[in-house]
Amino acid sequence: MAIFTENIGKVSVGEPVTWDRDAALLYALSIGAGRPDATEGIEYTTENSFGVRQKVFPTFPVVLGGSGGSMDHLGDFKLHQILHGGQSLVLHRELAPKGTVTPRSYMSAVYDQGKNAIIELTTELVDPEGELVATTVISMIIRGETGYGPRPDGAGGWSDPATEPDAVIEQATSVDQALLYRLNGDRNPLHSDPVMASKVGFPRPVLHGLCTYGMAALALVRNSQLLAERGLGAINARFAAPVFPGQVLETRIWNTADGALFQVLADGKIVLDRGVATAAAVAEDAAELQDAAAK
């Protein structure tokens, strides 16, 4: 078994993905945007409130073809070897409550991490006019695969905070949270079927990692002044442990000059680690500098 490193950089274009107002509302509700106060953030959870324009929650692009479609071109390893190790998202502009994007995906990096390999799968979401809307990067752990070299220089952005968090936010997940979140398109029975959960060693179905990721983003935009003022432009984190529906999430936030660092815990255990969030204007400036350097 091997990873097909010869396919690094080769772009696969997926089918167009269309969403409407209801899909955007469902996503926001599925990450807890209507709790604990249903009148807070109604721009994400309603479409007809007086004097309020419906907005799409910033992490919504992760459910718009961000998985990269078929993974046959990545390697001949088995599905049971794959774990979702991390997720990053860069928003190039605010999404409208309805629209269409086409995903363009490619394997962007392969490197070793201990006894396993990491594949980074980048997906660019492009609108019908060819303009870039969002970029997602999924880090996939391929268990038992090695021999691909060290992590590329410059990757990351996290440094362990030397101070106590500026904010600690608690969010209760509901016992039916995974059943609601799966309606965004991820119907993996690991998140709903007790039999499937037991086959992979869990006592009951687990919450989608991207649901925890979305809830962390919600805690950030509600409690980081810079992110609340400018909006969320980019967010990345590593998945460290599973969350079970009904657990309480504790998001620890350290404010920075351009956004925030964060971790998420459940029952005292880190479940989302090495989190970095960047404000929209800062993220846009960084993208422009990267484009200029590439020319």
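Remember, predicted model here, so these are calculated numbers, not experimental data.

So, how was this worked out
- Residues numbered from 1 in each chain as written.
- Predicted model: local features only at pLDDT ≥ 70, side-chain atom pairs only at ≥ 80, totals over all residues.
- Heavy atoms only, no water.
- Helix = DSSP H or I, 4+ residues; strand = E, 2+ residues; numbered from the N terminus.
- Expected span 1.5 Å × (residues − 1).
- Buried < 20%, exposed > 50% of the residue type's maximum accessible area, 1.4 Å probe, protein only.
- Contact = heavy atoms within 4.5 Å.
- Pairing = 2+ DSSP bridges.
- Core = buried A, V, L, I, M, F, W, Y, C linked by side-chain atoms within 4.5 Å.
- Polar contact = N/O pair within 3.5 Å; in protein donor to acceptor, adjacent residues only side chain to side chain.
- Salt bridge = Lys/Arg side-chain N within 4 Å of Asp/Glu carboxyl O.
- pLDDT = per-residue confidence, 0-100.

Novice: Is there a simple way to think about helix H5 (residues 209-223) in this case?
Specialist: A turn of α-helix holds 3.6 residues, and therefore any two residues three or four places apart point the same way. The first and last C-alpha atoms of H5 sit 21 Å apart over 15 residues, in line with the 21 Å expected at 1.5 Å per residue. The buried count for H5 comes to 12 of 15 residues, which makes it a mostly enclosed element.

Novice: Is there a simple way to explain the side chain of asparagine 7 in this structure?
Specialist: Tracing the backbone through its elements, the reader meets asparagine 7 in the segment before strand S1 (12-13). A residue is classified by how much of its surface remains accessible, and asparagine 7, at 13% relative accessible area, is buried. In this structure, asparagine 7 is in contact with His73 and Met107, ignoring residues within four places of it in sequence.

Novice: Which parts of the structure should I look at to understand the pairing of strand S5 (residues 116-126)?
Specialist: Consecutive residues of a regular strand have side chains that alternate between opposite faces of the sheet. Taken across its 11 residues, S5 has 10 buried, putting it largely inside the fold. Taken together, the 11 bridges between strand S4 (residues 99-113) and S5 define a ladder with antiparallel strand orientation. From the neighbouring strand, tyrosine 111 faces S5, where its bridge partner is isoleucine 118. Once S4 ends, the chain turns through 2 residues before running back antiparallel as S5, passing glycine 114 with a positive phi of about 65°. Where S5 meets strand S6 (residues 132-142), 10 bridges bridge the pair, whose relative direction is antiparallel. Within the sheet, the bridge partner assigned to isoleucine 118 lies in S6 and is isoleucine 141. Taken together, S5 and the strand that follows it, S6, pair antiparallel across an intervening segment of 5 residues, in which glycine 130 is found at a positive phi of about 85°.

Novice: Explain the nonpolar core to me, please; I cannot follow it from the model alone.
Specialist: Most often, soluble globular proteins have nonpolar side chains that are buried together. By size, the foremost hydrophobic cluster in this structure holds 52 residues, and its most contacted members are Phe57, Leu95, Tyr213, Leu220, Ile235 and Phe262. Looking at this core, the element that brings in the most residues is H5, giving 10 residues. The residues touching leucine 220, leaving out its near neighbours within four places in the chain, are Leu227, Ile235, Ile253, Ala260, Phe262 and Ala277. In this structure, Val110, Ile119, Leu121 and Ile142 belong to the second largest nonpolar core, which totals 12 residues.

Novice: What should I look at first to understand the environment of valine 200 in this one?
Specialist: Within the secondary structure layout, valine 200 lies in the loop between helix H4 (194-199) and H5. The spatial distance from the C-alpha of valine 200 to the C-alpha of glutamate 47 is 40 Å, given a sequence separation of 153 residues.

Novice: Sorry if this is basic, but what is going on with the side chain of aspartate 127 here?
Specialist: Within the secondary structure, aspartate 127 is located in the loop between S5 and S6. A distance of 2.8 Å separates polar atoms of two side chains, one belonging to aspartate 127 and the other to arginine 93. Residue contacts for aspartate 127: discarding those within four places in its chain leaves Arg93, Thr100, Val101 and Val133.

Novice: In this structure, what is going on with the pattern of salt bridges? I would like to understand it.
Specialist: Where charged atoms of side chains with opposite charge meet at close range, the side chains can pair. Applying the stated criterion across every chain, the model contains 5 salt bridges. Among the salt bridges present, the one from arginine 93 reaches aspartate 127, with a minimum N-O distance of 2.8 Å. Of the two residues, arginine 93 is situated in the loop between strand S3 (82-91) and S4 and aspartate 127 in the loop between S5 and S6; the sequence distance between them amounts to 34 residues. A relative accessible area of 38% places arginine 93 in the partly exposed class. Of the residues examined, aspartate 127 reaches a relative accessible area of 10% and is grouped as buried. Its salt-bridge partner being glutamate 124, residue arginine 104 comes within 2.9 Å of it at the nearest N-O pair. Placement of the pair is arginine 104 in strand S4 and glutamate 124 in strand S5, with a sequence separation of 20 residues. Under the relative-accessibility criterion, arginine 104 is labelled partly exposed at 32%.

Novice: What am I meant to see in the environment of alanine 219 here?
Specialist: With respect to the helices and strands, the residue alanine 219 is situated in helix H5. It is 8.8 Å that separates the C-alpha atoms of alanine 219 and isoleucine 253, two residues lying 34 residues apart in sequence. With residues near it in sequence (within four places) discarded, alanine 219 still touches Ile169, Gln171, Thr251 and Ile253.

Novice: Could you clarify how one ought to interpret unusual backbone geometry in this entry?
Specialist: Where the residue is not glycine, phi is negative for most of them; where a peptide bond is considered, it is trans in most cases. Omega for the peptide link from arginine 35 to proline 36 comes to -5°, which places this bond in the cis form. For proline 36, the location among the structural elements is in the loop between helix H1 (21-30) and helix H2 (42-45). The phi dihedral of aspartate 267 is positive, around 55°, even though this residue is not glycine. In this structure, aspartate 267 sits in the loop between strand S10 (259-266) and strand S11 (269-279). If you check the backbone angles, arginine 274 has positive phi at about 55° while not being a glycine. Along the chain, arginine 274 falls in strand S11.

Novice: Can you walk me through the confidence of the model for the protein chain in this structure?
Specialist: Close reading of the predicted structure is inappropriate where its pLDDT is low. Residues at a pLDDT of 70 or more form 91% of the protein chain, whose mean pLDDT is 90. The weakest mean pLDDT in the protein chain belongs to helix H7 (residues 280-294) at 56; the strongest belongs to H1 at 98.

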